[in-house]
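Structure assessment
The lines below spell out each chain.
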Amino acid sequence: MISPELPLVSDRVQSLFDTMTLEEKLAQLVGYWVDKGDEVVAPMAGEMANSTKYEDATEHGIGHLTRVYGTRPVDPVERANWLWSEQRRLKQETRLGIPAIVHEECLTGLAAWQAATFPTPLAWGASFDPELVERMGRLIGASMRELGIHQGLAPVLDVIRDPRWGRVDECIAEDPYVVGTIGSAYVRGLQESGVHATLKHFVGYSASQAGRNHAPVHAGMRELRDVLLPPFEMALRDGGVRSVMNSYAEIDGVPVAATPEYLTGILRDEWGFDGVVVSDYFAVAFLHTMHEVAADLGEAAELALAAGIDVELPTGDAFLEPLAARVRSGRLDEALIDRSVLRVLAQKEELGLFDETFDEPPASIDLDTQAHRDTARQLAEESLVLLTNDGVLPVAPRAEPLRIAVVGPNAESSEALMGCYSFVNHVLAHHPGVELGVSIPSVLESLKDEFPGAAITHVAGCAVEGDDASGIPDAVSAVQSADVAFVIVGDRAGLFGRGTVGEGNDVESLSLPGVQRELVEAVTATGKPVVMVVLSGRPYELGWAVGGPTAPDALLQAFFPGEEGGRAIAEVLSGRVAPSGHLPVSLPRSAGAQPFSYLHPKLGGTSEITSADSTPVLPFGHGLTYTTFERSELTVDAEAATGATFSARVRVRNTGERAGTDLVQLYAHDVYASVTRPVAQLVGYARVELAPGDEALVEFDVPTTRLSFTDRQFERIVEAGEIDLWVGPSCDERDTSASITLTGADHHVTPADERLVGVRVEILEADAVGAGIPVD
């Protein structure tokens, strides 16, 4: 057998490693779930168990401590005291004295009791605001580091391929560039605070068959290279990420957890990643129990280790005794273990663990400061997508008392504002009676605060799930007596059948759950002004609510907007805040039209040669606000070399009477290419705030790598030819167009090539528009 090449490490790490026994090495490659109980917070967690008692498992040290704060509701200060004492014990009472890495979930904020909960990643995508997401990441990371946490299991960089998949609310967008730019921003923010981010789930997880969790993936290498892999490469090269987690999926019959071509060939050999790869929970054991490519846990461990997984999480069921037995029997080269041990020790050195004394745990801690809430509020506000509006919004204050009917099953629920991986829905659902730990005002509470002089009547009308429509007549009666109705419907996030969306909650239909559509149609039939608010973790089939006789007067989409989401929704409805979110995923026509992506070639959409219509109800990038914008005068360099950068400039003007934010979207289409190309591809984007009458000159510096693709030899190239470009309010609308010709030989993309689009914005105030005077 050929021994793997060992990583170069510091003298300190090498000296420590040289003294280690096999048992001490393996202990560094596993986690231990100290608090694991009967609660199901990971797939098959009820069937998997810690194989040994904690004291025995840590006799030789331990690599990771699993979810110390995030498994059950614990007082953070009391838990920190336990953790500090445990780290001291590992330093003082184990032979090598190596502390443990503590990891936690942090997808919507630190998943711990009393910690701030931010909007779900799908809302990050709707905001199109990487800078704000980076600020959020810094706040989350600071809270984690204060509690002695070193590694966060986020962000999720799976590109949305099918909204039937339950984990869509954990994803950012259906466009890989949006996923890559926003995901990289989160990585930078978290790691600037001293916490290692972990990219999930490498790779292909979201492209599962029929949108079913853990189902096989049938993706070709070109789809992997051009759609599914780019966000991970960006987060590695541009975000500097230090940890990666494998996908549960199999691709073309081979589980990713056992595929060195991905976990080593692409990730390390091609991209140069030198961090640590951790397994998704129980993924190593799944090679034996679920994928059935390994006859036992020892073979599963060897396959995973050889593929490039360094650490088994959350426990050591496969990497401890089964792996040790294979080494002792001579079936496994111990150098495979050595390679991973050196990577883990280098990570611990990088995190400063070897020098930590753990003398002073925090005496007090605030995990939900005003800075947390301000950022949560801003991100929630920026993520709300106004889909339709016939003029009913905003609902302005009146001299006489306004009569408001608030109906729908999500109006009074704080949990309805939270995603699947929020502590509230992920953990507290198993602990009824325990307080939320943070203030999460519901939409109803927030509306009462926003409209203090209004007479507000609340009737749920129905539940999120189930077929009980008996409460709908009372809701109709309340609406008939009101001046305006707000109908709050949508999802309830949970896991593995508990809820309507979230991990394991995949669906066959994209209709609103339960009888919620019946509720909306009944109240719209009253003829009263009706505003429908959808609180959800996936886009639903809402064609009936966008146009036609049953459509409400306005439709607002909120992708689980977090602890300040109720207030943000109320502020947008009142007009205190103008909506500025845009769809990060197409609004689907039907479940039968899935999977669908706006990044489809000509024959991937609707045409005269098929009777099936896949056209989405509303396209990627769509979003209204309380003003209007004119986009004009797109000018582009006439030509550019295939390996160069070109400039695209556009003028944007606020033509309405209110201030607002436009999302300037630059799209491209490769007219003729050697492989089929999408009919539209987002090239660059920019949020631009403008007062009434103001203009902006927006300039994009576009590296031609944004137009690259995988050729027939499976090499990434930029090809010569004509490129159409346009700016519009969505991928389907062209307000102003131009074209450019790329010239020269095929450019083979290298790591040194620029990947990011530069953006410059000059604001021209209304008084200076005619004179063309930019504002500093």
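So, here's what we can say about the structure. Everything numeric here is computed off the predicted structure, so don't read it as measured data. (Residues numbered from 1 in each chain as written. Predicted model: local features only at pLDDT ≥ 70, side-chain atom pairs only at ≥ 80, totals over all residues. Heavy atoms only, no water.)

1. Some remarks on the overall build of the chain
Put simply, the rule reads: Helix and strand definitions follow DSSP, with helices as H or I runs of at least four residues and strands as E runs of at least two, each counted in order from the N terminus. Each residue is placed in one exposure class: buried if its accessible area under a 1.4 Å probe, protein chains only, is under 20% of its type's maximum, exposed if it is over 50%, and partly exposed if it falls in between. Throughout, a contact is declared for two residues whenever any of their heavy atoms are within 4.5 Å. The Shrake-Rupley method, run with a 1.4 Å probe, gives the accessible areas here. Residue values count only the displayed protein chains as cover. Residues scored as positive are Lys and Arg, those scored as negative are Asp and Glu, and His as well as the terminal groups of each chain are ignored. Each charge is placed at NZ for Lys, CZ for Arg, CG for Asp and CD for Glu.
The helix and strand inventory of the chain stands at 21 helices and 27 strands. Viewed in the frame of its principal axes, the chain has a C-alpha envelope of about 80 × 70 × 55 Å. The buried share of the chain, reckoned over its 776 residues, is 62%. Taking the intrachain contacts of the chain between residues at least 6 apart in sequence as the baseline, contacts between residues at least 24 apart amount to 79%. Total accessible area computed for the chain in this model is approximately 26800 Å², and 48% of it derives from carbon and sulfur atoms. Charge-centre separation for the chain: the mean point of 58 positive side chains lies 1 Å from the mean point of 115 negative side chains.

2. Observations concerning the environment of leucine 157
Position of leucine 157 relative to the elements: it lies in the loop between β4 (151–152) and α7 (176–192). Taking the C-alpha atoms as reference points, leucine 157 and leucine 228, separated by 71 residues in sequence, lie 8.5 Å from one another.

3. Remarks on the packing of helix α17 (residues 443–450) against helix α21 (residues 565–574)
Basically, it comes down to this: Here an angle of 0 to 180 degrees is reported between the N-to-C directions of two axes, which are lines fitted to C-alpha atoms, with helices fitted over the stretch in contact. Angles are sorted into four bins: roughly parallel if under 35 degrees, roughly antiparallel if over 145, roughly perpendicular if 65 to 115, and oblique for all others. Two helices cross in a left-handed way if the nearer one is turned anticlockwise from the farther one by less than a right angle. They cross in a right-handed way if the turn is clockwise. All amino acids are sorted into three groups, where Ala, Val, Leu, Ile, Met, Phe, Trp, Tyr, Cys and Pro are nonpolar, Asp, Glu, Lys and Arg are charged, and the leftover types, Gly among them, are polar.
In contact at an axis separation of 8 Å, α17 and α21 are set at 45° when each is read in the N-to-C sense. On the basis of the axis angle, α17 is oblique to α21. Regarding α17 and α21, the two cross each other, and that crossing is right-handed. On α21, the residues that touch Val443, Ser446, Leu447 and Glu450 of α17 are Gly566, Arg567, Ile569, Ala570, Glu571, Leu573 and Ser574. Across the contact of α17 with α21, the residue classes break down as five nonpolar, three polar and three charged.

4. Quick notes on the sheet that holds strand β11 (residues 403–407)
Just so we agree on the cut-off: The pairing criterion is simple: DSSP has to find at least two bridges between the two strands.
If you trace the six strands from one edge of the open sheet to the other, you get β10-β15-β14-β13-β11-β12, paired in mixed fashion. Only two strands of the sheet have a single neighbouring strand rather than two, namely β10 (385–389) and β12 (455–459). With strand direction ignored, the average angle separating the axes of adjacent strands in the sheet is 15°. The strands that α17 touches are β11, β12, β13 (484–490) and β14 (530–536); relative to β12, the one it contacts most, it runs at about 170°.

5. What to know about the packing of helix α6 (residues 130–146) against α7
Contact geometry of α6 with α7 gives a least axis separation of 6 Å together with a crossing angle of 30°. As for the relative orientation of α6 and α7, their crossing is right-handed in sense. Facing Pro130, Val133, Glu134, Met136, Gly137, Arg138, Ile140, Gly141 and Met144 of α6, the residues of α7 in contact are Thr181, Ile182, Ala185, Tyr186, Arg188, Gly189, Leu190 and Glu192. The residue makeup of the contact of α6 with α7, split by class, is nine nonpolar, four polar and four charged.

6. Concerning the sheet that holds strand β17 (residues 639–641)
On the basis of which strands lie adjacent, the open sheet formed by five strands has the order β17-β25-β24-β19-β20 and mixed pairing. Each of the sheet's edge strands pairs with one partner strand only, and the pair in question is β17 and β20 (681–690). This sheet shows a mean twist of 25° between the axes of neighbouring strands, independent of strand direction. As judged from the nine bridges shared by strand β19 (residues 660–670) and β20, these two strands associate in the antiparallel manner. Bridging across to β20, leucine 663 finds its partner in arginine 687.

7. Regarding helix α1 (residues 11–18)
Spelled out, the test is: Summarising the geometry, the arc corresponds to the directions from the helix axis toward the C-beta atoms.
Buried residues of α1: Val13, Leu16 and Phe17, and no others. The buried residues of α1 occupy an angular sector of 100° when the element is viewed end-on, so they sit on one face. Turned more than 90 degrees off the buried face of α1, the exposed positions are Asp11 and Asp18.

8. Some thoughts on unusual backbone geometry
Put simply, phenylalanine 202 and valine 203 share a cis peptide bond, and its omega is 0°. Mapped onto the elements of the fold, valine 203 is located in the loop between β5 (196–202) and α8 (221–228). Residue leucine 393 is joined to proline 394 through a cis peptide bond whose omega torsion reads -5°. One can find proline 394 in the loop between β10 and β11. Positive phi values are uncommon outside glycine, yet glutamate 292 reaches one of about 60°.

9. Digging into helix α19 (residues 516–524)
Within α19, burial applies to Gln516, Leu519, Val520, Val523 and Thr524. One face of α19 carries all of its buried residues, which in axial projection span an arc of 125°. Turning to α19, the residues buried within the fold contact α18 (472–480), β13, β14 and α20 (543–546).

10. Examining the packing of aromatic side chains
We apply this condition: Each Phe, Tyr or Trp ring, with Trp reduced to its six-membered ring, pairs with another whose centre is within 6.5 Å; inter-plane angles below 30 degrees give stacked pairs, above 60 give edge-to-face pairs, and intermediate values give tilted ones. Remark: a charge is flagged as sitting over a ring if the NZ atom of Lys or the CZ atom of Arg is within 6 Å of the ring centre and within 35 degrees of the ring normal.
What the rule picks out here adds up to 17 aromatic pairs. With centroids separated by 5.4 Å and ring planes inclined at 65°, the aromatic side chains of tryptophan 33 and tyrosine 281 adopt a geometry described as edge-to-face. Here tryptophan 33 is found in the loop between β1 (31–32) and α3 (54–57), whereas its partner tyrosine 281 is found in the loop between β9 (276–278) and α11 (283–289), with 248 residues between them in sequence. Seen from their ring centres, tryptophan 124 and tyrosine 186 are 5.1 Å apart, and the 20° between their planes marks the pair as stacked. Pair noted here: tryptophan 124 is in helix α5 (residues 121–127) and tyrosine 186 is in helix α7, with a separation of 62 residues, a long-range link. Among the aromatic residues, ring-to-ring pairing joins Trp33, Trp165, Tyr205, Tyr248, Tyr281, Phe282 and Phe286 into one connected group. We note lysine 200 situated over the ring of tyrosine 421; from NZ or CZ to the ring centre the distance is 5.3 Å. The positively charged end of arginine 734 is found above the aromatic ring belonging to tryptophan 726, 3.7 Å away from the centroid.

11. Some words on the side chain of arginine 538
So the rule is basically this: Just to be clear on terms, a salt bridge is a Lys or Arg side-chain nitrogen sitting within 4 Å of an Asp or Glu carboxyl oxygen. For the purposes of these results, a polar contact is taken to be a pair of N or O atoms within 3.5 Å, where, inside protein, one atom must be able to donate a hydrogen and its partner to accept one; residues adjacent in sequence count only when each atom of the pair is a side-chain atom.
Turning to its location among the elements, arginine 538 is positioned in the loop between β14 and α20. Despite being buried, arginine 538 has no salt bridge partner; aspartate 491 is the closest side chain of opposite charge, sitting 4.6 Å away. Of note is the side chain of arginine 538, whose polar atom sits 3.0 Å from the backbone oxygen of threonine 500.

12. Thoughts on the nonpolar core
For clarity, the threshold we go by: Residues belong to a common nonpolar core when they are buried Ala, Val, Leu, Ile, Met, Phe, Trp, Tyr or Cys residues joined through side-chain atoms within 4.5 Å.
In terms of nonpolar packing, the biggest core is built from 210 residues, with Phe202, Phe319, Ile337, Met532 and Leu542 touching the most fellow members. Considering every element that reaches this core, the biggest residue donor is α7, with seven residues. If we skip the residues at most four places from it in the chain, isoleucine 337 touches Leu22, Lys25, Leu26, Leu29, Leu305, Leu323, Val327 and Leu332. Listed in part, the 42 residues of the second largest apolar core include Met418, Ala454, Leu573 and Val577.

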